[in-house]
Amino acid sequence: MPEERTGTAPPVLAIRDFSVSYFSRDREVRAVQHVDLELHPGEVVGLAGESGSGKSTLALGACRLLRPPAVITSGSVIYRGRRVREGGLDMLTLTARQLRALRWREIAIVFQSAMNALNPVLRISDQLTDVFDAHLPLLRDQKQDRAAGLMDMVGIPRARLRSYPHQLSGGMRQRVMIAMALAVEPEVVIMDEPTTGLDVVVQREILQHIVELREQLGFAVLFITHDLSLLLDISHRISVMYGGQLVEVGEVSEIQRRPAHPYTVGLLNSFPSVRGPRSAVKGIPGSPPDLGNPEPGCPFIARCGFAAPECCRVDMQLLSVPGSSPGHVTACPFVLPGAAQPKQLKPAGKPGARA
């Protein structure tokens, strides 16, 4: 786990009241609903949740990379980097030209599938050079030296610069994506499931590289994954997302030891511990909610062993958790940290049913 942050610097990226919907002729799917998220300089914030919870939509929407039928329906995304004017920039108001100058130079993204993100007909050297051409006025020899240095930094032999993406292993391709993201020294790096599909050994190597590079270069990271156990090792803070909304936010120690939302508890119980006595691993039964036809109240009702009639009237406002720091907040006002778990966490069915 990284060292605790110090100081009270303003967030380098502040997402406020952010909402995204996908529209069709007769249907609106509210993929992200009124999300607030902050990322401070040098910080690692983990964004956890199941597939379909809205994590990638949030990140891509904040960078204005979504395509129709996705529409940003509310919010602001304020970026305050060292190289921008005082007060920051609202990314939702920038022109296409301004966005092109800001992306990669200030905010870079490591996409989920490296094979799809890399151009299959260009050598790795050409793809790195494209990044330099767009943002840095370098001479040819300088670009070659910088590309070689990036390969050294992510642990890939320089000879691989002449390779095409299909000639690299999955782990190498993912490291190339990380090298491209860091090519022009951005202040924020968004990593969208960067280790998906890789074996556990390669995952660990890549995560170690990410931690070392962050400590060396000082960039902030928004790390998106469905694997909460991974975030416990590399993050300062964790935001848990479900049904397009944040349901809990807190420091890693608080999320791990005093989870305050039943969904967070379910995620923590869904992977085995490598230390201590063996215990049964419990998954979360049921399926995520239909965001095109949402039920009132908490979206986790149908899968929650604690569900009660009052849950239908929850407004999903994030409230401080009693006994925790002010930054530890939850959308569940009924289940306190340390509450006895239902004997079997099963879908509650109608609100009021208890395990």
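What counts as what
Residues numbered from 1 in each chain as written. Predicted model: local features only at pLDDT ≥ 70, side-chain atom pairs only at ≥ 80, totals over all residues. Heavy atoms only, no water. Helix = DSSP H or I, 4+ residues; strand = E, 2+ residues; numbered from the N terminus. Rg over C-alpha atoms; globule rule 2.2 N^0.38 Å. Buried < 20%, exposed > 50% of the residue type's maximum accessible area, 1.4 Å probe, protein only. 1 Å grid on protein atoms, 1.4 Å probe; cavity = no way out; pocket = protein on both sides within 12 Å on 5 of 7 lines; lining within 4 Å. Points joined across faces, edges and corners; volume = space filled by probe spheres on them. Nonpolar A, V, L, I, M, F, W, Y, C, P; charged D, E, K, R; others polar. Expected span 1.5 Å × (residues − 1). Contact = heavy atoms within 4.5 Å. Phe/Tyr/Trp six-rings, centres within 6.5 Å; stacked < 30°, edge-to-face > 60°. Pairing = 2+ DSSP bridges. Right-handed = clockwise from strand over helix to strand, strands pointing away.

**Student:** I'm lost on the overall build of the protein chain in this one. Help?
**Tutor:** Along its length, the protein chain carries 10 helices and 12 strands. Compactness check: the protein chain gives a C-alpha radius of gyration of 21 Å against a globular reference of 20 Å for 355 residues, within 12% of the reference. With the principal axes as the frame, the protein chain shows a C-alpha extent of 70 × 50 × 45 Å. Counting all 355 residues of the protein chain, 49% fall into the buried class.

**Student:** Where do I start with empty space enclosed by the protein in this structure?
**Tutor:** The gaps of empty space that remain are located by a probe, the size of a water molecule, rolled over the atoms. A full pass over the atoms with the stated rule returns 4 cavities of 30 Å³ or more. Each pocket or cavity is described by its volume, and for the largest cavity that value is around 100 Å³. Lining the largest cavity are 14 residues, and of these P262, C298, C304, C311 and C332 lie nearest its centre. Among the residues making up the lining of the largest cavity, the classes are represented as 13 nonpolar, 1 polar and no charged.

**Student:** Can you help me understand helix α4 (residues 124-135) in this one?
**Tutor:** For an α-helix, the turn length of 3.6 residues means that residues three or four places apart are oriented alike. The terminal C-alpha atoms of α4 lie 18 Å apart, and with 12 residues this matches the ideal 16 Å at 1.5 Å per residue to within 8%. Listed in full, the buried residues belonging to α4 are I124, S125, Q127, L128, V131, F132 and H135. On its buried side, α4 packs onto α2 (96-102), α5 (140-153) and α6 (170-181).

**Student:** In this structure, what is going on with the packing of aromatic side chains? I would like to understand it.
**Tutor:** Aromatic ring pairs are defined here through the distance separating the ring centres and the angle between the ring planes. Per the counting criterion, the structure on display carries 4 aromatic pairs. Ring geometry for Y242 and F300: centres 5.2 Å apart, planes at 85°, overall edge-to-face. Residue Y242 is located in strand β9 (residues 237-242), and its partner F300 is located in the loop between α10 (262-268) and β11 (319-320); the two are separated by 58 residues in the primary sequence. Under the relative-accessibility criterion, Y242 is labelled buried at 1%.

**Student:** Teacher, can you tell me more about the pairing of strand β7 (residues 188-192) here?
**Tutor:** Residues in a regular strand project their side chains so that they alternate between the two faces of the sheet. Most of β7 sits out of view: 5 of its 5 residues are buried. Burial along β7 is two-sided: V188, I190 and D192 facing one way and V189 and M191 facing the other are all buried. Of the pairings in the sheet, the one linking strand β6 (residues 107-110) to β7 comprises 4 bridges and is parallel in character. Along β7, the bridge assignment pairs V110 with M191. In the sheet, β7 pairs with strand β8 (residues 220-225) via 5 bridges, with the strands oriented parallel. Bridge pairing links M191 to F223 in β8. Regarding topology, helix α7 (residues 200-217) serves as the crossover connection from β7 to the parallel β8, and that connection is right-handed.

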